[in-house]
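Geometric and topological summary
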Amino acid sequence: MPSVPFWAQIVAGLVLGVLLGWLARSQDISWLYTTLDKIGHIFIQLLKLAVAPLVFFAILVSITNLRKVNNAARLATRTLLWFMITSLIAVAIGLAIGLITNPGSGTGLTPKDGAKPEHSGSWLDFLTGIIPKDVISPFTELNVLQIVFMAAVAGIAALQLGKRAEPILTLSESVLELLQKALWWVIRLAPIGTIGLIGYAIADYGWDLIGKYATFTADVYIGCALVMFGVYPLLLATVAKVSPLQFFKGAWPAIQLGFVSRSSVGTMPVTQRVTERLGVPKEYASFAVPFGSTTKMDGCAAIYPALAAIFIAQIFDVQLGIGDYLLIAFVSVIGSAATAGLTGATVMLTLTLSTLGLPLEGVGLLMAIDPILDMMRTATNVAGQALVPVIVSAREKILDHDAYNSASSSPIDEEARSEEITREERVPVAA
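Below, the structure is looked at part by part.

Cut-offs and rules
- Residues numbered from 1 in each chain as written.
- Predicted model: local features only at pLDDT ≥ 70, side-chain atom pairs only at ≥ 80, totals over all residues.
- Heavy atoms only, no water.
- Helix = DSSP H or I, 4+ residues; strand = E, 2+ residues; numbered from the N terminus.
- Buried < 20%, exposed > 50% of the residue type's maximum accessible area, 1.4 Å probe, protein only.
- Contact = heavy atoms within 4.5 Å.
- Areas by Shrake-Rupley, 256 points an atom, 1.4 Å probe, with all protein chains shown as cover.
- Expected span 1.5 Å × (residues − 1).
- Arc of directions from axis to C-beta.
- Axes fitted to C-alpha atoms, helices over the stretch in contact; angles between N-to-C directions.
- Parallel < 35°, antiparallel > 145°, perpendicular 65-115°, else oblique.
- Left-handed = near helix turned anticlockwise from the far one by under 90°.
- Nonpolar A, V, L, I, M, F, W, Y, C, P; charged D, E, K, R; others polar.
- Patch = residues over 30% accessible without salt bridge, like charges linked within 9 Å, V, L, I, M, F, W, Y side chains within 5 Å.
- Salt bridge = Lys/Arg side-chain N within 4 Å of Asp/Glu carboxyl O.

For the protein, the count of helices and strands is 19 helices and 0 strands. Across the 431 residues of the protein, 54% fall into the buried class. Of the contacts formed within the protein by residues at least 6 apart in sequence, a portion of 85% connects residues at least 24 apart. Surface exposure of the protein reaches about 19,100 Å², of which carbon and sulfur atoms provide 64%.

Shown next as structure tokens:
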């Protein structure tokens, strides 16, 4: 009997999570509320467990893999350029929606409802925080930006050493494969994690709270949808000259997992796999996707902070001018690495607010609704992280169009089938 497709498992998890969350809240079932919380928490913790070493070895290996690619510097430059272009488009859409809808008006919220976040970001913190004080703390404190810095330095040093670094590179590639294999096991638990994450969100926040933020929530979802299903298909059709529908057909497993897990880094192995299946050369994909998973955040670092800044400014009765909107665009392009590819975008938001001089207490207004918003933001992030390598590959004429046009089934299902075949091959056949 064929196994249930992964996408169907996720959808079932979403539906069951909503039902159980509603049941826990409406009937005040404390044990169900606690169980949903624990299931979601454990799933996110398992993802986070692999984040630090995965980011380090993925970035290190991705940089050294560029030596296998022709015109590596050109590809890296084009990748960064398209990251910036798509971020600018996304932040412009976020600002436009915010200015049209006035999400902070009529909410009933006041400055007293806000509270300063425990952790905030400023440009000084951002710049000085890139360089770690030691090599251990970034891993124990899960400071992804510092891990990326150390991995980039190690990767560039390995390129300079050449053949003398081969043993280290071989070990790094093996460790990366081991981490990705372990993470695949966690990813396959996503349907169960979905039940806990969605169920807890419904049970904890309820529809009443969402109602207070109805315009803001709708703005974030509409903005992300416009970028993901409007801007991205337009770029694919006009710039890359490939089928947008086929892109979503191939990339959907990663986008779907991003929505559920709320972690770009946790989704990275799936994102890289679907990108390769869409015809992007493996050597280039292994650079572009890990790099994008830690720095390319159209949802968290462009649309969301733009809308949140307008929302908070309206709550605190602060007038924003053209110069402020330009600053928001600047922060979204330059400071997106601060989001770190993990769940939530608090650091990026505080960085934006501090740049604009807006009260940081405004962050507290959005914390309650953040998990609901983070799902759509992360799905948009992941879609963009797969999109840019496809565009650059198509423009550089290195995209495998046959592979692109045939990408369909989920790589998660393929991984499961591959493991099943391997196990069957290991079972001795009776004479």
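Turning next to helix H7 (residues 166-187). One turn of the α-helix equals 3.6 residues, which is why residues spaced by three or four share an orientation. Spanning 22 residues, H7 covers 31 Å between terminal C-alpha atoms, matching the ideal 32 Å at 1.5 Å per step. Of all the residues in H7, the buried ones are Leu 169, Ser 172, Leu 176, Leu 179, Gln 180, Leu 183, Trp 184, Val 186 and Ile 187. Around the axis of H7, the buried residues are gathered within 145 degrees of arc, so they sit on the same side. Among the exposed residues of H7, those oriented more than 90 degrees off its buried face are Pro 167, Leu 171, Glu 177, Leu 178 and Trp 185.

Direction vectors running N to C along helix H3 (residues 72-101) and helix H13 (residues 299-315) enclose 30 degrees, while the axes themselves pass 7 Å from each other. As summarised for this structure, H3 and H13 are arranged roughly parallel, according to the angle between their axes. Of the two elements, H3 crosses H13, and the hand of that crossing is right-handed. Side by side, H3 and H13 meet where Ser 87, Ala 90, Val 91, Gly 94, Leu 95, Ile 97, Gly 98 and Leu 99 of the first sit next to Ala 302, Ile 303, Ala 306, Leu 307 and Ile 310 of the second. Among the residues forming the contact of H3 with H13, the class breakdown is 10 nonpolar, 3 polar and no charged.

For the rest of this paragraph, the subject is a nonpolar patch on the surface. Together, Ile 42, Leu 46, Leu 49, Leu 189 and Ile 192 line one region of the surface with nonpolar side chains, adding up to about 460 Å² of accessible area. Top contributing element to the nonpolar patch by residue count: helix H2 (residues 30-65), with 3 residues. Mapped onto the fold, Leu 49 is located in helix H2.

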